[in-house]
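# Results of the structural survey
Listed below, chain by chain, are the residues.
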Amino acid sequence: QVQLVESGGGLVQAGGPLRLSCAASGRFVSINTMGWYRQAPGKEREFVATLTSGGNTDYADSVKGRFTLSRDNAKNTVYLQMNSLQPEDTAVYYCNAVLRTTMTGRAYPYWGQGTQVTVSL
């Protein structure tokens with residue numbers, strides 16, 4: 001069983017920072033990618049950022065220059081540092097990991113339960 005446990009959401013004023021964490025635990029043999037998606041009320045879930053096992057990062061245009069994704073391999077944890085937050089960043093943020101649970105099987109996506117980020121004016 002694989003679990004992605006998120007933390008760090010909350011309420012912040014516009015312009016402020018917030019850091020999200022996502023820790024992967026359970027039985028898996030490798031992680032291909034870890035990252036974040038978000039879903040605002042009435043909107044579809046959208047990509048925010050991802051980090052590959054090789055250390056490459058990719059960001060949505062809307063967060064480039066403001067958000068930074070990093071990882072602690074020893075803890076199977078990724079961190080999303082969010083700076084200069086704006087009201088339009090308000091959403092439920094979901095951790096996503098594509099990982100392999102067996103040596104010979106394919107990799108599958110897993111999701112966290114989501115953490116609320118609210119940015120007020």
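Here the structure is a predicted model, which is why all the values come from computation and not from measurement. (Residues numbered from 1 in each chain as written. Predicted model: local features only at pLDDT ≥ 70, side-chain atom pairs only at ≥ 80, totals over all residues. Heavy atoms only, no water.)

This part takes up the state of the cysteines. Evaluation of the coordinates by the stated rule reveals one disulfide. Each sulfur in the disulfide pair Cys-22 and Cys-95 lies 1.9 Å from the other. With the S-S bond torsion at -80°, the cross-link from Cys-22 to Cys-95 turns out left-handed. Of the two residues, Cys-22 is situated in strand E3 (residues 18-26) and Cys-95 in strand E9 (residues 91-100); the sequence distance between them amounts to 73 residues. Each of the two residues, Cys-22 as well as Cys-95, counts as buried. (Disulfide = S-S within 2.5 Å. Helix = DSSP H or I, 4+ residues; strand = E, 2+ residues; numbered from the N terminus. Buried < 20%, exposed > 50% of the residue type's maximum accessible area, 1.4 Å probe, protein only.)

This part is about the pattern of salt bridges. Across all of its chains, the model carries four salt bridges by this definition. Across the pair Arg-66 and Asp-89 runs a salt bridge, and its minimum N-O distance is 2.8 Å. Here Arg-66, found in the loop between strand E6 (57-59) and strand E7 (67-72), pairs with Asp-89, found in the loop between strand E8 (77-82) and E9; they are 23 residues apart in sequence, far enough to count as distant. For the residue pair Arg-66 and Asp-89, the accessibility class agrees, reading buried in each case. A network of salt bridges, in which partner residues are shared, links Arg-38, Glu-46, Arg-66 and Asp-89. (Salt bridge = Lys/Arg side-chain N within 4 Å of Asp/Glu carboxyl O.)

A word on the pairing of E8. The side chains of a regular strand alternate between the sheet's two faces. Counting buried residues along E8, five of its six residues qualify, which places the element largely inside the surrounding structure. Summarising the sheet, E3 and E8 pair through six bridges and their orientation is antiparallel. Across the sheet, Ser-21 pairs through a bridge with Tyr-79, a residue of E8. In this structure, E7 lies alongside E8, joined through six bridges in antiparallel fashion. The residue of E8 that forms the bridge with Thr-68 is Gln-81. Remark: four residues form the turn of the hairpin made by E7 and E8, two consecutive strands paired antiparallel; Asn-76 in that turn has positive phi of roughly 50°. (Pairing = 2+ DSSP bridges.)

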